[in-house]
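Structure assessment
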Amino acid sequence: MSVNDIKAQLGDFAKDTRLNLGIVLSEEGAPDLSQKQIFSIALASAYATKSDVLVNAVLADAAILSETEQNAAKSAASIMAMNNVYYRFLHLVSDKDYGKMPAKLRMNVIGSPGVEKVDFELMSLAVSAINGCGMCMDAHVHEVTKAGVSKTAVQSCIRIASVINAAAQSLYIGNFSSSAQQQAA
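Residues numbered from 1 in each chain as written. Predicted model: local features only at pLDDT ≥ 70, side-chain atom pairs only at ≥ 80, totals over all residues. Heavy atoms only, no water.

We note that Asp32 has phi near 75 degrees; this positive angle belongs to a residue other than glycine. Tracing the backbone through its elements, the reader meets Asp32 in the loop between α2 (15-24) and α3 (35-49). Note on Asp32: relative accessible area 52%, which makes it exposed. (Helix = DSSP H or I, 4+ residues; strand = E, 2+ residues; numbered from the N terminus. Buried < 20%, exposed > 50% of the residue type's maximum accessible area, 1.4 Å probe, protein only.)

Printed below as a string of structure tokens:
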């Protein structure tokens, strides 16, 4: 199953998601990002949504990604699943003493992700946006900006994450609606 197959599955309620999905996974629709960056970000985002169908569709279309790049997308989704919870807690809790305590969490993959550091940071930014961690988003935007990534590329990254997230939600809604109709029959 490809992303085009996913688009075909989306109901009329998800017309905008279908249209956006057709746009953001191209260099024209994601300015200042390479095709490899686009698919790396999309894959990490799909993993973050926990949608098997969407992960497999992105993988089917992401043939340009090496196994190392695919593993980096998995690593970004995995490490951010931990970091986004921890750092969102630090950001939101009233007692700021927690922020002064050492995290004592292993995060070696961030220092040595196996791919270009900026690409891993973009993947991590997308996942952090999906997971809603402002502290992590700020840290990743800082790192990619320091590496010379444009604001347009950052926006493209977040647009990819948002559309992948919407596609996962739309697939869930479509499956839920189908199940409800079957139960009613």
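Resuming the write-up.
Quick look at the packing of helix α7 (residues 117-131) against helix α8 (residues 134-146) now. α8 packs onto α7 with a crossing angle of 155 degrees between their chain directions and a minimal axis gap of 9 Å. Here α8 runs roughly antiparallel to α7, going by the angle between their axes. The interaxial crossing formed by α7 with α8 has left-handed handedness. Contacts between α7 and α8 pair Val118, Glu121, Leu122, Ser124, Leu125, Ser128 and Ala129 from the former with Cys136, Met137, His140, Val141, Glu143 and Val144 from the latter. Classifying every residue of the contact of α7 with α8 by side-chain character gives eight nonpolar, three polar and two charged. (Axes fitted to C-alpha atoms, helices over the stretch in contact; angles between N-to-C directions. Parallel < 35°, antiparallel > 145°, perpendicular 65-115°, else oblique. Left-handed = near helix turned anticlockwise from the far one by under 90°. Contact = heavy atoms within 4.5 Å. Nonpolar A, V, L, I, M, F, W, Y, C, P; charged D, E, K, R; others polar.)

Where α3 meets helix α5 (residues 67-92), the closest approach of the two axes is 8 Å, and the angle between their N-to-C directions is 45 degrees. The angle between α3 and α5 places the two elements in the oblique class. For the pair α3 and α5, the sense of crossing is right-handed. Contacts from Lys36, Ser40, Leu43, Ala44, Tyr47 and Ala48 of α3 reach α5 at Glu69, Gln70, Ala73, Lys74, Ala76 and Ala77. For the contact of α3 with α5, a count of residues per class yields seven nonpolar, two polar and three charged.

In this section: the packing of aromatic side chains. According to the stated counting rule, one finds two aromatic pairs in the structure shown. On the numbers, 5.1 Å between centres and 85 degrees between planes, the contact of Tyr86 with Tyr87 is edge-to-face. Under the relative-accessibility criterion, Tyr87 is labelled partly exposed at 21%. Ring centres of Phe89 and Tyr98 lie 5.4 Å apart, and the angle between their planes is 65 degrees; this geometry places the pair in the edge-to-face category. Residue Phe89 is classed as partly exposed on the basis of its relative accessible area of 37%. (Phe/Tyr/Trp six-rings, centres within 6.5 Å; stacked < 30°, edge-to-face > 60°.)

Taken as a whole, this structure holds four salt bridges when the rule is applied. Its salt-bridge partner being Glu143, residue Lys146 comes within 3.5 Å of it at the nearest N-O pair. Residue Lys146 and its partner Glu143 are both found in helix α8; the two are separated by three residues, about one turn of the helix. Take Lys146: its relative accessible area is 58%, and that puts it in the exposed class. (Salt bridge = Lys/Arg side-chain N within 4 Å of Asp/Glu carboxyl O.)

All chains considered together, the criterion is met by zero disulfides. Among the cysteines around Cys136, which has no disulfide bond, Cys133 carries the closest sulfur, lying 3.2 Å off. (Disulfide = S-S within 2.5 Å.)

Attention shifts here to a nonpolar patch on the surface. There is a patch of nonpolar side chains on the surface, built from Phe13, Tyr172, Ile173 and Phe176 and spanning about 430 Å² of accessible area. Within the secondary structure, Ile173 is located in helix α9 (residues 151-184). (Patch = residues over 30% accessible without salt bridge, like charges linked within 9 Å, V, L, I, M, F, W, Y side chains within 5 Å. Areas by Shrake-Rupley, 256 points an atom, 1.4 Å probe, with all protein chains shown as cover.)

This part covers the side chain of Ser156. Among the structural elements, Ser156 can be located in helix α9. The buried category is assigned to Ser156, whose relative accessible area is 1%. The residues touching Ser156, leaving out its near neighbours within four places in the chain, are Ala30, Pro31 and Leu33.

Note on placement: Pro102 falls in the loop between α5 and α6 (108-111). Separated by 64 residues in sequence, Pro102 and Ile38 place their C-alpha atoms 34 Å apart.

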